[in-house]
Amino acid sequence: MSIKAPRGTKDIFGEISEKFQEIIKMSEIFKQFNFEQIITPIFESTDLFIRGIGETTDIVEKEMYTFEDKGGRSITLRPEGTASVVRAYGEHKMYQEGSKKFFYFGPMFRYERPQAGRYREFYQIGAEVIGECSYLVDAEVIFMADKFVKKLKINNYSIELNTLGCKVCRAEYQVALKAYLTQFREHLCDDCKRRLETNPLRVLDCKVESCREYFNDVPTLEQYIDDECKVHFEGVKQIITTLGVVFHVNSKLVRGLDYYNRTVFEFVSQDLGAQGTILGGGRYNNLVGEICGGIDQPAIGFAAGMERMAMLMPKMEAKTRKIAICWQGEMGSICALKARLELIEAGYITEMSYESKSFKAQFKKANKDGVDFAVILGEDEVLRNIAKVKNFSSQQEVEVAMSNLVEYFKEA
Ligand code: HAM
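Source: prediction; values computed, not measured.

Quick look at the pattern of salt bridges
Taken as a whole and judged by the stated rule, the model has 29 salt bridges. Its salt-bridge partner being Asp138, residue Arg283 comes within 2.7 Å of it at the nearest N-O pair. With Arg283 in strand S10 (residues 277-283) and Asp138 in helix H6 (residues 135-151), this pair connects stretches of sequence that are 145 residues apart. Across the pair Lys178 and Glu197 runs a salt bridge, and its minimum N-O distance is 3.5 Å. With a gap of 19 residues between them, Lys178 in helix H7 (residues 167-182) and Glu197 in helix H8 (residues 190-198) connect regions that are remote in the sequence. Taking the relative accessible area as the measure of exposure, Lys178 reaches 31% and is therefore partly exposed. For Glu197, a relative accessible area of 48% corresponds to the partly exposed category. Residues joined by salt bridges that share partners form a network here, namely Asp58, Glu61, Lys62, Asp191, Arg194 and Arg195.

As structure tokens, then:
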């Protein structure tokens, strides 16, 4: 039997690969907001994620790719990027430089049940601001994320916003939530029953329809939130409204990772079925302290799923002209290679055959490749120091002096 890619993984090529390149190109917007790129290891000490993401989250409880390396260390393939960025920030004492802004992209790993838009290896692109506590930053990060997604020509999504309060007000809320949900305990799924004991907030994250029926009238955090958290949330809402970001408050939005406090948000598309969240993030003011020990710094960030964004992006339109150089005879091959290099130098995408083939076969391949023009260099053309240029859309052919080839394409 032939070997296939492991379940939940995929090869990225063709259209999706082009969309990935576009996503990375559009991350230019992060640089304009003065974020710098950070590349962290794909595997980390397991402890980092247990401490960072939270022991009672789905990710840590059942989704991590954890193994012992040959030195007996417990290693985990990163399920997300935030914990690693925070670790790097502490490890390199970046707090000495004041606040820092980072962006990153790369593969993440979660042992989830694969389905459309949900993979075991998937790509995220994300951004984090460490060392700033103002609600202006929350607003700016949400604005930047919105701009980024729109630059990818994705428009059909809604922005959901909530506040999770701080440790103190959330603790009171958790007690009330637990008391409320305990009334329906018998009707909830096993996961909910377990979470009711370990992490009641997480119950609201359950996707089982029969459980969700009981969430309609759950107490909301809004009723418990303290004044400072309220002012922060009001500030975020007011600023993003001023900036023209369209959002709605979803009081049941809790996020799947434990490190959040205050602002949380998700960008949700209606066009992707069950896996509609394209981007998620929020504030995490306690994570730096928990991971870096002793250094308390507020922080906020988000990450977007690149596959999910690629699924929503419109078909990529070629911006650069593609030219096939078709040749015959030995001199033809040399002239073709020279012409190819000149055209590449001038910024065009070019292709040529490396074997002697009939023009018919070369045109057929060029057509399949979606080229715009063919430069034809047969023995006669080589002798006359010209090329025939065929326009694939109009099917017209013209003769162009070899010395004028680049100029011709600039004007064509
Ligand atoms: P997250 O919500 O777990 O947040 O993931 C962010 C995005 O990654 C999701 O909205 C989704 O688009 C994509 N994603 C997650 N799991 C999968 C999967 N199995 N297959 C395909 N795509 C997936 C975080 O990871 C946080 N670190 C975000 C953050 C940054 N919060 C603060 N800073």
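Describing the pairing of strand S6 (residues 121-130)
In terms of burial, S6 is a largely internal element, 9 of the 10 residues being buried. Bridge count between strand S5 (residues 100-109) and S6: 10 bridges; the pairing is antiparallel. Bridge pairing links Lys100 to Ile130 in S6. Where S6 and strand S11 (residues 299-305) come together, 7 bridges link them in antiparallel fashion.

Some details on the site of the ligand
Surrounding the ligand, one finds 27 residues, the nearest of these being Glu80, Thr82, Glu112, Glu128 and Tyr260. One of the side-chain nitrogen or oxygen atoms of Gln124 is found 3.0 Å away from an oxygen atom of the ligand. The separation between an oxygen atom of the ligand and a polar main-chain atom of Thr277 is 2.9 Å. Coverage of the ligand by the protein chains reaches 96% of its 660 Å² of free accessible surface. In terms of residue count, S10 provides more of the shell around the ligand than any other element does, 6 residues in total. In terms of residue class, the shell around the ligand is made up of 11 nonpolar, 9 polar and 7 charged.

A look at the nonpolar core
In this structure, Val86, Ile130, Leu181, Phe215 and Val288 are the most contacted members of the largest nonpolar core, which totals 50 residues. Broken down by element, this core gets its largest block of residues, 5 residues, from helix H5 (residues 82-91). Not counting residues within four places of it along the chain, the set of residues in contact with Leu181 comprises Leu188, Leu196, Pro200, Val203, Tyr214, Phe215 and Val218. With 41 residues, the next largest nonpolar core counts Val141, Ala145, Ile278 and Phe302 among its residues.

A look at a nonpolar patch on the surface
Residues Tyr135, Leu136 and Val231 make up a contiguous nonpolar surface patch of roughly 280 Å² in combined accessible area. Taking the relative accessible area as the measure of exposure, Val231 reaches 53% and is therefore exposed.

Section: the packing of H6 against helix H11 (residues 227-242)
Between H6 and H11, the shortest axis-to-axis distance is 8 Å and the interhelical angle comes to 40°. Considering their axes alone, H6 and H11 lie oblique with respect to each other. Of the two possible hands of crossing, H6 and H11 adopt the one that is right-handed. Along its contact with H6, which presents Tyr135, Leu136, Asp138, Ala139 and Ile142, the element H11 presents Val231, His232, Gly235, Val236, Ile239 and Ile240. Residue composition of the contact of H6 with H11, by class: 8 nonpolar, 2 polar and 1 charged.

Digging into H11
Note: α-helices contain 3.6 residues per turn, so residues at a spacing of three or four share the same orientation. Here H11 spans 22 Å end to end across 16 residues, near enough to the 22 Å set by a 1.5 Å rise per residue. Among the residues making up H11, those that are buried are Cys229, His232, Phe233, Gly235, Val236, Lys237 and Ile240. The secondary structure elements touched by the buried residues of H11 are H6, strand S7 (157-163), H7, strand S8 (248-249), strand S9 (263-269) and S10. Following H11 by one or two positions, Gly244 has its phi on the positive side, about 85°.

A look at the sheet that holds strand S14 (residues 373-377)
Pairing within the open sheet is mixed, and its 5 strands lie in the order S13-S12-S14-S15-S16. What marks the edges here is a single partner per strand, and that holds for strand S13 (349-352) and strand S16 (397-401). Each adjacent strand pair in this sheet contributes to an overall mean axis angle of 25°, direction not counted. Two elements, strand S12 (residues 322-327) and S13, share 4 bridges in a ladder whose sense is parallel. Note on S13: the bridge partner recorded for Ile323 is Thr350. Where helix H14 (residues 330-345) meets the sheet, it contacts S12, S13 and S14, and its direction lies at approximately 165° from that of S13. Against the sheet, helix H15 (residues 359-368) engages S12, S14 and strand S15 (386-391), with an angle of about 165° to S12.

Details of unusual backbone geometry
Positive phi, normally seen in glycine, also occurs at Lys153, with a value near 65°. With a relative accessible area of 57%, Lys153 lands in the exposed category. With a phi angle near 60°, Asn385 is a residue other than glycine that sits in the positive phi range. For Asn385, the location among the structural elements is in the loop between helix H16 (379-384) and S15.

Comments concerning the packing of aromatic side chains
Per the counting criterion, the structure on display carries 20 aromatic pairs. Ring geometry for Phe30 and Phe35: centres 6.5 Å apart, planes at 50°, overall tilted. When its relative accessible area of 0% is taken as the criterion, Phe30 is described as buried. By relative accessible area, which is 6% here, Phe35 ends up buried. A centroid spacing of 6.4 Å and a plane angle of 50° characterise the contact between Phe265 and Phe267, whose relative ring orientation is tilted. Taken together, the ring pairs connect Phe30, Phe35, Phe103, Phe148 and Phe302 into an aromatic cluster.

What counts and what doesn't
- Residues numbered from 1 in each chain as written.
- Predicted model: local features only at pLDDT ≥ 70, side-chain atom pairs only at ≥ 80, totals over all residues.
- Heavy atoms only, no water.
- Salt bridge = Lys/Arg side-chain N within 4 Å of Asp/Glu carboxyl O.
- Helix = DSSP H or I, 4+ residues; strand = E, 2+ residues; numbered from the N terminus.
- Buried < 20%, exposed > 50% of the residue type's maximum accessible area, 1.4 Å probe, protein only.
- Pairing = 2+ DSSP bridges.
- Near = heavy atom within 4 Å.
- Polar contact = N/O pair within 3.5 Å; in protein donor to acceptor, adjacent residues only side chain to side chain.
- Areas by Shrake-Rupley, 256 points an atom, 1.4 Å probe, with all protein chains shown as cover.
- Nonpolar A, V, L, I, M, F, W, Y, C, P; charged D, E, K, R; others polar.
- Core = buried A, V, L, I, M, F, W, Y, C linked by side-chain atoms within 4.5 Å.
- Contact = heavy atoms within 4.5 Å.
- Patch = residues over 30% accessible without salt bridge, like charges linked within 9 Å, V, L, I, M, F, W, Y side chains within 5 Å.
- Axes fitted to C-alpha atoms, helices over the stretch in contact; angles between N-to-C directions.
- Parallel < 35°, antiparallel > 145°, perpendicular 65-115°, else oblique.
- Left-handed = near helix turned anticlockwise from the far one by under 90°.
- Expected span 1.5 Å × (residues − 1).
- Phe/Tyr/Trp six-rings, centres within 6.5 Å; stacked < 30°, edge-to-face > 60°.

The values are spatial; any link to function lies outside them.
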